[in-house]
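# Observations on the model geometry
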Amino acid sequence: MIYLAITPVGLKEALQLKSNGGSHHIWCGSDLVFDSISIKDVSQFNYPLMSASLDIIEGALETIREHHPNEVVWVEGCLR
């Protein structure tokens, strides 16, 4: 399973789930900062996602699909 974190809260929750034994890989935008200890199994885009348009998020999902074919991708939902 792949988790796409959009906000700091989402990234924190994904990292917490991972530290509790989760085996998922996490992706996030360049606008999120994470502890270097948590860097294993975290990929970071070189562009931000928090204020990104739907087209940008869809592009990020396509990139994730290229790297992790046939995996379920969970996307953090955010109301704006």
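Description of the structure in this document. Throughout this document, residue positions are counted from 1 along each chain, in the order its sequence is written. Only residues with pLDDT of at least 70 are given local features in this predicted model, and only at 80 or more are side-chain atom pairs given and counted; all residues enter the totals for whole chains, interfaces and linings. Each side-chain value is worked out from all heavy atoms of the structure, with water and hydrogens disregarded.

### Examining the sheet that holds strand S3 (residues 42–44)
If DSSP finds at least two bridges between two strands, the strands pair. Going along the chain from the N terminus, every DSSP run of H or I of four or more residues is numbered as a helix, and every run of E of two or more is numbered as a strand. Judged by pairing direction, the sheet is parallel, and its four strands sit side by side in the order S3-S2-S1-S4 without closing on themselves. This sheet does not close on itself; its edge strands, each paired only once, are S3 and strand S4 (73–75). Each strand of the sheet is rotated relative to its neighbour by a mean of 20 degrees, with strand direction disregarded. Pairing analysis gives three bridges linking strand S2 (residues 25–28) to S3, with the strands arranged parallel. Across the sheet, residue tryptophan 27 finds its bridge partner in S3, namely serine 43. Residues are treated as being in contact if the distance between any of their heavy atoms lies within 4.5 Å. Each axis is a line fitted through C-alpha atoms, and for a helix only the stretch in contact is used; angles between axes span 0 to 180 degrees, taken between their N-to-C directions. Sitting on the sheet, helix H1 (residues 8–19) touches strand S1 (2–5), S2 and S3, and the angle it makes with S2 is about 165 degrees.

### Some thoughts on the nonpolar core
Soluble, globular proteins show a tendency: their nonpolar side chains are buried together. By size, the foremost hydrophobic cluster in this structure holds 11 residues: Ile2, Leu4, Ile6, Trp27, Phe45, Leu49, Ala52, Ile57, Ala60, Leu61 and Ile64. At the level of elements, S1 and helix H2 (54–67) are the ones that each hand at least two residues to this core. It is H2 that provides the largest number of residues to this core, a total of four residues. The contact partners of alanine 60, leaving out residues within four places of it in the chain, are Phe45, Tyr47 and Leu49. Listed in part, the nine residues of the second largest apolar core include Leu11, Leu15, Ile26 and Val42. Grouping buried Ala, Val, Leu, Ile, Met, Phe, Trp, Tyr and Cys residues that are joined through side-chain atoms within 4.5 Å yields what is termed a nonpolar core. When a residue's accessible area, from a 1.4 Å probe over protein chains only, is under 20% of the maximum for its type it is buried; when over 50% it is exposed; and in between it is partly exposed.

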